[in-house]
Amino acid sequence: MSIDISSLNASAIRDSIARGDFSAREVADAAFARVESVEGDVHAFLQLAPELAYDAADRVDASVVAARADGVNPADVLPALAGVPAGIKDNMNLIGTNTTCGSKILEPYQSVYTCSAVQRLLDAGALPVGKCNMDEFAFGSSTENSAFGVTHNPWDLTRVPGGSSGGSAACVSAGEAAVSLGSDTGGSIRQPGAFTGTVALKPTYGRVSRYGCVAFGSSLDQIGPFGKTVEDCALVLGAIAGQDPMDATSSDVGVADYAAAARTGAREGGVRGLRVGIVTDLLAMDGCAEEVRAATVRAAELFAELGATVGEVELPSAQHGLSAYYIIGPAEASSNLARFDGIRYGARAEDPADVLDLYMRSRAEGFGPETIRRVMLGTYALSAGYYDAYYGQAQKARTLIKRDFASAFEDFDVLLTPTAPSAAFKVGEKSQDPMEMYLNDIFTIPVNLAGNCAISVPAGLGVDSGLPVGVQIIGDYFAEDVLLRAAAAYEGAVGFDSRPPLVGSL
Amino acid sequence: MSISPEQVRHVALLARLALSEEQIASFGEDLNSILGHIDSIQQLDLEGVEPTAHPLEVVNAMREDRVRPGLSREDALLNAPATDGTAFLIPQIVGPGGDEA
């Protein structure tokens, strides 16, 4: 039978396989058929993994057969994401695939171990469709910084899907995968989620192990899911969250039943009494499109109609977030990227005169312009004489931002802001001015600096652009259950059909 | 503050990046533009504010000091641009030049 992946969410796929409506192998067939028909236009993937996906599908189908033979209902034994096609950002290692980070320097790099979050996704029965395009080393907001070509937004192929996890967002939006994993250092999950009409979650720092995910900003990075629905994101988070002995920064805080929280939120009265704060000073910021502001205000109204208690709140130090982030992020990146030296892995310059020449030419030849820019900026901010003026100040500003959130969460359970200041922009529109590109993350960055959790939920199509617009809901530390409950309630109230009409007709 | 071509060259050396004079000029321009936007952070009065290095109040994550399997030699060398099958090969870094130098 022909299955339309783009119309099925994760739990529908799993339940249909359990019932015997179709097999996991047929789901894999459908996913790769979809890839075949749209990937030439979208370019969400850097590498496809059909062998791994079909192996995973066969394991799911075998466990259905085994359950029936034992007289057990497969629905009772199949893991949460059984047979669910998944995309994986190409900064996460998976044995059997390359891990390029969208960089020429890592083009030939073969994964020699598997990232913990990816392993947990596979343990939950997901089918790895392939590795998703991204801005080089996750530096960017459009995927235009990938060394292997830009990803196109399924809603309008002349536009970017956002970034840096643009491929992960686009593959879900285009129906090539049901869910995907991205990573978020300053908004790299949430902003592409907003641009592609997908649900996109950045969990609390430490909620998901980062073992096997190539490091960018070690005090900021977090892995999280994309899905077509809030419940799908909740199911993926449930699969990947929790402490990991391989990542000392992963937290031992207990993992809640996130999918149950999302289902509670979707029910009548699911957010009654929830305290929702709309962040008025961020909303008033220059450069935010009117349609985005309107969608955020409308979200607050919808929460009020759902029975939540809505109020106004300010995060006065968040305006310094961008400056603090573009010091701390590059500083950490410049340290993390020191490992790419042409010795142990990656491309090496030809005929080096000595080891210094080898380092310097391997890096300059292997890194793209934005990577060089960030490494230079970070090195400068950490260099003798400038450390206190930049890095020291930024770390103190970070303290103020944390305090703002702490004070806001004394009065509210979740906060509302736009996700990105505008809908998706055109390919090439902002790629000439680095600062213009950085401003995309103005609403998302404060959350990475403070370390709490946030989700972008589609607010519908912008009244001016006709393109998807996202609303960001921000939660307290490790309060993903509350966050997902609020997000599911809002999703139900908006009633957005997340399928781009364009892709169906391709 | 503005950053001079001399400083850009110094930073490139610290960052181990072999940049051409043209790149020094263009990245210098970019850095000055970016620093122009983020310099406002220096005007903030943050006297007495504790710096935040890490978002969570974490304590040391301790584990048992036990030997566990790591990467095999083969896997560790798999992605190296030059090996002799047992070790990474690099240009000579100590002593007088050998036969191949």
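In what follows, the structure referred to is the one given above.
Residue positions are given per chain, counted from 1 along the sequence in the order it is written. All chains are assigned letters beginning at A, and all ligands numbers beginning at 1, according to the order in which they are written. Totals for whole chains, interfaces and linings use all residues, but because this is a predicted model, local features are given only for residues with pLDDT of at least 70 and pairs of side-chain atoms are given and counted only at 80 or more. Excluded from the side-chain calculation are hydrogens and water; included are all heavy atoms of the structure.

Enquirer: Any chance you could explain the overall build of chain A here in plain terms?
Expert: Helix and strand counts for chain A stand at 19 helices and 11 strands. As a reference, a globule follows 2.2 Å times the number of residues to the power 0.38, and the radius of gyration itself is taken over C-alpha atoms. In terms of C-alpha radius of gyration, chain A reaches 22 Å, essentially the compact-globule figure of 23 Å for 506 residues. Structurally, chain A occupies a C-alpha span of about 70 × 60 × 45 Å along its principal axes. By definition, residues are in contact when any of their heavy atoms lie within 4.5 Å. By sequence separation, contacts in chain A at least 24 residues apart represent 76% of the contacts at least 6 residues apart. Per-residue accessibility takes into account occlusion by the displayed protein chains alone, with areas from the Shrake-Rupley method and a 1.4 Å probe. Counting every atom, chain A has about 15800 Å² of accessible surface; 50% of that belongs to carbon and sulfur. Charge counting treats Lys and Arg as positive and Asp and Glu as negative, with His and both chain ends excluded. Just so you know, the charge point we use is NZ for Lys, CZ for Arg, CG for Asp and CD for Glu. Mean positive and mean negative side-chain charge positions of chain A (37 and 62 charges, respectively) differ by 3 Å. Secondary structure elements follow DSSP: runs of H or I no shorter than four residues count as helices, runs of E no shorter than two count as strands, and numbering proceeds from the N terminus.

Enquirer: Where do I start with the overall build of chain B in this structure?
Expert: Of regular secondary structure, chain B possesses three helices and zero strands. The C-alpha atoms of chain B give 23 Å as radius of gyration, which overshoots the globular expectation for 101 residues (13 Å, by more than 25%). In terms of its C-alpha atoms, chain B occupies a principal-axis envelope of roughly 55 × 45 × 25 Å. Just so you have it, chain B exposes about 7200 Å², and 52% of that area is on carbon and sulfur atoms. Between the mean site of the 6 positive side-chain charges and the mean site of the 17 negative ones, chain B shows a separation of 13 Å.

Enquirer: What exactly am I supposed to notice about the interface of chain A and chain B here?
Expert: The interface of chain A with chain B comprises 61 residues on the first partner and 49 residues on the second. Roughly 5100 Å² is buried in total at the junction of chain A and chain B, and carbon and sulfur atoms are behind 71% of that figure. Here a salt bridge means any side-chain nitrogen of Lys or Arg lying within 4 Å of a carboxyl oxygen belonging to Asp or Glu. If you look at where chain A meets chain B, you find one salt bridge. In this structure, the salt-bridge partner of B:Asp30 is A:Arg373, at a minimum N-O distance of 2.8 Å. Under the rule applied, a polar contact is a pair of N or O atoms within 3.5 Å (in protein, one hydrogen donor and one hydrogen acceptor; residues adjacent in sequence only if both atoms are side-chain atoms). At the boundary of chain A with chain B, the tally comes to 17 residue pairs in polar contact (both at pLDDT 80 or more). Put simply, the parts of the chain that give the side of chain A that touches chain B at least two residues each are helix H12 (321–336), helix H13 (355–366), helix H14 (369–382), helix H15 (388–411), helix H16 (434–438) and helix H17 (445–450) of chain A. Take the side of chain A that touches chain B: its biggest share by element is 12 residues, from H15(A). Gly is placed with the polar residues, together with every amino acid not listed as nonpolar (Ala, Val, Leu, Ile, Met, Phe, Trp, Tyr, Cys and Pro) or charged (Asp, Glu, Lys and Arg). Of the residues belonging to the side of chain A that touches chain B, the class tally is 38 nonpolar, 13 polar and 10 charged. We define buried area as the total accessible area lost by two parts upon association, computed with a 1.4 Å probe and summed across both.

Enquirer: Would you mind showing me how to read the sheet that holds strand E10 (residues 453–461) of chain A here?
Expert: Backbone hydrogen bonds are what pair the strands of a sheet, in a parallel or an antiparallel way. All names here are of chain A. When DSSP finds at least two bridges between two strands, those strands are taken to pair. Taken in spatial order, the 11 strands line up as E1-E3-E2-E4-E6-E5-E10-E11-E9-E7-E8 in an open sheet, and their pairing is mixed. Only two strands of the sheet have a single neighbouring strand rather than two, namely strand E1 (45–48) and strand E8 (309–313). Shown here is a sheet whose adjacent strand axes are inclined to one another by a mean of 25°, direction ignored. Looking at chain direction, E10 and strand E11 (residues 468–475) are connected through seven bridges and run antiparallel. What sits directly across from Val 457, in E11, is Val 471. Geometry is summarised by axes, namely lines fitted to C-alpha atoms with helices restricted to the contacting stretch, and by angles between N-to-C directions that run from 0 to 180 degrees. Against the sheet, H15 contacts strand E7 (275–279), E8, strand E9 (414–418) and E11, and its axis sits at roughly 120° relative to E9. Of the strands in this sheet, strand E5 (199–202), E9, E10 and E11 touch helix H18 (residues 480–494), which is tilted by about 0° from E10.

Enquirer: Please clarify how the pairing of E7(A) should be interpreted in this entry.
Expert: Each regular strand displays side chains that alternate between the two surfaces of the sheet. Residue and element names in this part refer to chain A. Throughout, exposure labels follow a simple rule: accessible area from a 1.4 Å probe, protein chains only, divided by the maximum for the residue type, with under 20% read as buried, over 50% as exposed, and the rest as partly exposed. Burial of E7 is extensive: four of the five residues sit out of reach of the surface. In this sheet, E9 lies alongside E7 in parallel orientation, the contact comprising three bridges. Note on E9: the bridge partner recorded for Ile 278 is Leu 416.

Enquirer: Explain helix H5 (residues 116–123) of chain A here, please?
Expert: Residue and element names in this part refer to chain A. Every buried residue belonging to H5 is among Ser 116, Ala 117, Val 118 and Leu 121, and all of these are buried. On the buried face of H5, the contacting elements are strand E2 (85–89), strand E4 (179–184), strand E6 (222–227) and helix H8 (230–240). After H5 finishes, the residue Gly 125 shows a positive phi value of roughly 100°.

Enquirer: Teacher, can you tell me more about unusual backbone geometry here?
Expert: Residue and element names in this part refer to chain A. Note the cis peptide between Gly 163 and Ser 164, where omega equals 10°. Tracing the backbone through its elements, the reader meets Ser 164 in the loop between strand E3 (127–132) and helix H6 (166–173). Located in the positive-phi region is Thr 143, a residue other than glycine, with phi close to 65°. Turning to its location among the elements, Thr 143 is positioned in the loop between E3 and H6.

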